[in-house]
2 protein chains.
Amino acid sequence: MQNIQNDLFLRTVRGEMVERPPVWLMRQAGRILPEYNAIRKQLKGFKDLVSNPELSAEVTIQPVDILGVDVAILFSDILVIPEAMGLDYEMIEQKGPLFPRTIKNEQDIDQLLSGADAAQNLQYVYDSIDKTLVGLGGRVPLIGFAGAPWTLFAYMIEGSGSKTFSKAKKFLYQEPELSHRLLTKITNTVIAYLNLKISHGVHLVQVFDSWASSLSREQYLEFEMPYLNRICSEVKGAPITLFAKGAWNCMEELAETGASALGLDWNMSAAWARSQVGEKIILQGNMDPCQLYSSPNEVEAATVSMLQDFGRGHIANLGHGVYPDTPIDAVHAFVQTVKNYRYPQD
Amino acid sequence: MQNIQNDLFLRTVRGEMVERPPVWLMRQAGRILPEYNAIRKQLKGFKDLVSNPELSAEVTIQPVDILGVDVAILFSDILVIPEAMGLDYEMIEQKGPLFPRTIKNEQDIDQLLSGADAAQNLQYVYDSIDKTLVGLGGRVPLIGFAGAPWTLFAYMIEGSGSKTFSKAKKFLYQEPELSHRLLTKITNTVIAYLNLKISHGVHLVQVFDSWASSLSREQYLEFEMPYLNRICSEVKGAPITLFAKGAWNCMEELAETGASALGLDWNMSAAWARSQVGEKIILQGNMDPCQLYSSPNEVEAATVSMLQDFGRGHIANLGHGVYPDTPIDAVHAFVQTVKNYRYPQD
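Residues numbered from 1 in each chain as written. Chains lettered and ligands numbered in written order. Predicted model: local features only at pLDDT ≥ 70, side-chain atom pairs only at ≥ 80, totals over all residues. Heavy atoms only, no water.

To continue, consider the sheet that holds strand S4 (residues 142-147) of chain A. All names here are of chain A. One open sheet accounts for seven strands, arranged S1-S4-S5-S6-S7-S8-S9; its pairing is parallel. On the outer flanks of this sheet lie strand S1 (72-73) and strand S9 (314-318), each paired with one strand and no other. As paired strands, S1 and S4 are joined by two bridges and run parallel to one another. In the sheet register, Ile 73 faces S4, and the bridge partner there is Ile 143. (Pairing = 2+ DSSP bridges. Helix = DSSP H or I, 4+ residues; strand = E, 2+ residues; numbered from the N terminus.)

Right, dumping it as structure tokens:
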């Protein structure tokens with residue numbers, strides 16, 4: 001493995017004593033950067049960028065150069081996994097993903113590829129990792145990510161985003177065995193995919209469970225936790241961060257998966273989260289992304305307040321992906337405030 | 001006040017010893033009933049039904065006749081309040097509400113009507129109450145409802161539904177004083193409106209904070225709790241239920257408002273909620289609406305399990321409005337299971 005010049009993120013997730021928390025933003029490679037928009041405009045659609053190793057590597061590196069964040073995250077999409085399994089999707093501008101075909105029955109599930117057979121279809125991702133690592137030249141580590149099984153399942157059944165994901169949840173209630181069969185195929189693919197990413201050199205992985213909050217605690221324990229546990233034990237060679245948005249009622253279980261870090265949304269206070277998960281695990285988050293609509297001075301004050309609330313064992317980030325219309329000055333203020341911060345000497 | 005034949009709901013919210021919990025469903029007057037759809041089809045739009053006292057009374061009473069629920073809730077819409085304040089909206093089929101004009105600045109806020117001046121514009125609602133009470137003939141009590149200040153504010157700034165309500169939250173961050181001014185005008189209207197509803201004879205009121213979860217705890221304490229406290233102290237003559245969806249991190253504060261009951265979404269377990277709010281307040285909820293996609297036998301088992309989990313001091317309901325495509329057999333199974341249930345003798 002390449003020597004990493006700024007290894008603050010890696011030292012933090014290993015639990016070492018660090019001088020300040022590392023900082024990055026979910027969706028840092030994206031529409032907040034004019035340089036991203038310039039590249040995006042050259043292409044017809046979002047998926048053309050995702051599937052282009054050269055350009056996705058370039059936009060992955062942009063926030064490292066422009067914002068000075070402590071880690072890069074590979075520009076990609078969680079829905080490449082359903083596609084690699086055989087379920088194509090389109091990304092509709094201003095609307096979001098749309099699956100022309102969805103999973104409706106046993107036959108649909110049986111036809112899906114799974115595990116290494118599916119993961120090998122994502123060669124463009126591994127090529128992008130190779131190019132990104134060359135471009136980064138060891139300046140900062142690289143995160144690879146995947147969608148969590150329930151979140152991918154939800155899209156594959158529902159066919160699009162949804163306020164309720166009631167179709168996907170209906171499937172859980174009406175077809176629990178088929179649901180487990182599909183979740184198993186998805187999980188096998190996530191594991192193969194993340195392990196391939198790690199073999200190509202990503203230093204860390206993050207799993208996004210964007211729709212965690214749509215499930216009751218009982219359903220989350222039945223239909224998601226076993227699969228997150230499998231991912232945490234079968235993905236080898238890189239620390240794992242789990243970000244289960246809105247899963248406030250399963251924090252203890254999430255902390256017991258073996259993940260190195262847990263992402264928090266902005267509804268969870270640092271003190272509350274610590275009371276749920278104990279002292280060992282690293283916490284990532286969790287400023288309200290809308291705080292970045294306030295003035296740079298207010299962003300600075302809110303950032304310092306967040307850093308003080310979390311104390312050590314923290315990765316500074318937002319509680320959700322940064323919104324596309326966020327003023328870049330506020331983003332700089334957020335990043336710079338963290339970088340200028342030093343933990344008080346004990 | 002009319003004598004109420006089935007006063008189980010009223011006895012429950014007064015904290016009396018009852019034989020079983022009362023039962024109703026959020027959105028029980030609506031698309032789950034073929035009889036509702038028959039009336040709805042005669043009209044051009046949803047708002048034609050809301051503003052028609054005769055027909056809105058009729059659909060309000062339908063679930064009492066057809067489902068045998070223990071309470072009626074006046075068929076209406078939370079967005080009649082912005083409209084009465086001077087901000088018109090359209091209800092777009094399959095999409096939701098749309099405000100052609102939104103609140104952008106001080107002048108927009110100053111132009112809005114507020115309090116009694118706004119509430120008097122909703123005569124069709126009070127007429128609907130009068131007609132509903134005649135039609136019910138005292139069989140069950142009647143709930144009147146309103147949107148909570150933050151939720152109404154969110155629509156008035158955002159102009160439509162949203163996954164993030166980032167425009168509305170941006171306004172909170174950028175214009176805190178104007179935000180409080182608008183929230184005050186909305187609150188004055190909600191209070192006048194609910195008091196007028198009570199003077200027309202509704203027996204209970206419920207306040208819906210549908211977008212509570214979009215705010216951090218800090219913002220909720222600053223921009224919503226003071227207004228909910230005002231509503232609970234200034235609305236007189238009927239017990240109040242607060243349903244703040246997703247406000248898990250403010251349950252203690254919600255329990256201290258003076259509300260008689262708190263609605264719970266399906267992410268909150270009965271035991272957890274009790275641990276937050278103590279023994280005095282009544283809890284309402286909270287079956288996952290998607291549970292009603294399972295078989296009637298499974299619905300029955302899940303309902304009994306919920307009733308046992310909550311024990312006394314409970315109003316049986318879902319954790320969210322019933323979804324339009326819910327099989328009517330499952331709804332009957334839910335209602336009948338509660339009605340057949342008896343609390344164990346202590």
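Alright, that's what it looks like, and here's the rest.
Time to look at the pattern of salt bridges. Residue and element names in this part refer to chain B. Per the counting criterion, the structure on display carries 28 salt bridges over all chains. Here Asp 7 makes a salt bridge to Arg 11, at a shortest N to O gap of 2.9 Å. Looking at Asp 7, the relative accessible area reads 24%, which means it is partly exposed. For Asp 110, the salt bridge is made with Arg 181, and the minimal N-O distance between the two is 3.0 Å. (Salt bridge = Lys/Arg side-chain N within 4 Å of Asp/Glu carboxyl O. Buried < 20%, exposed > 50% of the residue type's maximum accessible area, 1.4 Å probe, protein only.)

Residue and element names in this part refer to chain B. The seven strands are arranged S1-S4-S5-S6-S7-S8-S9 in an open sheet whose pairing can be described as parallel. The open sheet has two free edges, formed respectively by strand S1 (72-73) and strand S9 (314-318), since each of these has just one partner strand. Sheet analysis places strand S4 (residues 142-147) next to strand S5 (residues 204-209), joined by five bridges and oriented parallel. By the bridge assignment for S5, Gly 147 is matched with Phe 208. Relative to the sheet, helix H16 (residues 296-310) contacts strand S8 (282-287) and S9, its axis offset from that of S8 by approximately 155°. (Contact = heavy atoms within 4.5 Å. Axes fitted to C-alpha atoms, helices over the stretch in contact; angles between N-to-C directions.)

Our next topic: the pairing of S5(B). Working note: regular strand, side chains alternate between the two faces of the sheet. Residue and element names in this part refer to chain B. Of all six residues that make up S5, six are buried, and the element is covered over most of its length. Both S5 and strand S6 (residues 240-244) contribute to a ladder of five bridges, which runs parallel. Bridged to Phe 208 within S6 is Phe 243.

The next thing to look at is the interface of chain A and chain B. Taken residue by residue, the interface counts 26 residues in chain A and 26 residues in chain B. Contact between chain A and chain B buries roughly 2,600 Å² in total, counting both sides, with carbon and sulfur atoms accounting for 56%. Across the contact surface, chain A and chain B share four salt bridges. A salt bridge links Asp325(B) to Lys170(A); the shortest N-O distance between them is 3.5 Å. Considering each element in turn, the side of chain A that touches chain B owes the most residues, five residues, to helix H10 (residues 166-174) of chain A. Classifying every residue of the side of chain A that touches chain B by side-chain character gives 10 nonpolar, 11 polar and five charged. (Buried area = accessible area lost by both parts, 1.4 Å probe. Nonpolar A, V, L, I, M, F, W, Y, C, P; charged D, E, K, R; others polar.)

Turning to the pairing of S4(B), a few remarks are in order. Of all six residues in S4(B), six are buried, a share of seventy percent or more. Alternating residues of S4(B) divide into Leu142(B), Gly144(B) and Ala146(B) and Ile143(B), Phe145(B) and Gly147(B), and every residue in both groups is buried.

In the structure shown here, the tally under the stated rule is 26 aromatic pairs over all chains. With a centroid separation of 5.5 Å and 85° between ring planes, the pair formed by Phe145(A) and Phe208(A) is classed as edge-to-face. Placement of the pair is Phe145(A) in strand S4 and Phe208(A) in strand S5 (residues 204-209), with a sequence separation of 63 residues. The pair formed by Phe145(A) and Phe208(A) is uniform in burial state, with each residue classed as buried. Both rings, one in Trp248(A) and one in Trp272(B), keep their centres 4.7 Å apart while their planes meet at 50°; by these two values the pair is tilted. Pair noted here: Trp248(A) is in the loop between strand S6 (240-244) and helix H14 (251-255) and Trp272(B) is in helix H15 (residues 270-277), and the two residues belong to different chains. Accessibility expressed as a relative area gives 6% for Trp248(A), which makes it buried. Using a relative accessible area of 22% as the deciding quantity, one classes Trp272(B) as partly exposed. Among the aromatic residues, ring-to-ring pairing joins Trp248(A), Trp272(A), Trp248(B) and Trp272(B) into one connected group. A cation over a ring is seen here: Lys47(A) above Tyr89(A), with NZ or CZ 4.1 Å from the ring centre. The side chain of Lys170(A) reaches across the aromatic face of Tyr293(B), ending 4.5 Å from its centre. (Phe/Tyr/Trp six-rings, centres within 6.5 Å; stacked < 30°, edge-to-face > 60°. Lys NZ or Arg CZ within 6 Å of the ring centre and 35° of its normal.)

Residues and elements named next belong to chain A. You can see Lys 185 is positioned in helix H11 (residues 176-199). Take Lys 185: its relative accessible area is 15%, and that puts it in the buried class. C-alpha of Lys 185 to C-alpha of Leu 283: the two residues are 98 residues apart in sequence and 29 Å apart in space. Leave out the neighbours within four places in its chain, and Lys 185 touches Met 85, Ile 109, Asp 110, Leu 112, Leu 113, Ser 114 and Gly 115. Looking at Lys 185, its side chain comes within polar contact range of the main-chain oxygen of Leu 112, at 2.7 Å. (Polar contact = N/O pair within 3.5 Å; in protein donor to acceptor, adjacent residues only side chain to side chain.)

Attention now goes to unusual backbone geometry. A cis amide bond, omega -10°, links Gly285(A) with the succeeding residue Asn286(A). Assignment of secondary structure puts Asn286(A) in strand S8 (residues 282-287). We note that Arg27(B) has phi near 65°; this positive angle belongs to a residue other than glycine. Looking at where Arg27(B) falls in the secondary structure, it is placed in the loop between helix H1 (8-13) and helix H2 (34-41). The exposure class of Arg27(B) is exposed, given its relative accessible area of 61%. Not every positive phi belongs to a glycine, and Gln94(B) is a case in point at roughly 70°. In this fold, Gln94(B) is placed in the loop between strand S2 (90-92) and strand S3 (96-98). Since its relative accessible area comes to 79%, Gln94(B) is described here as exposed.

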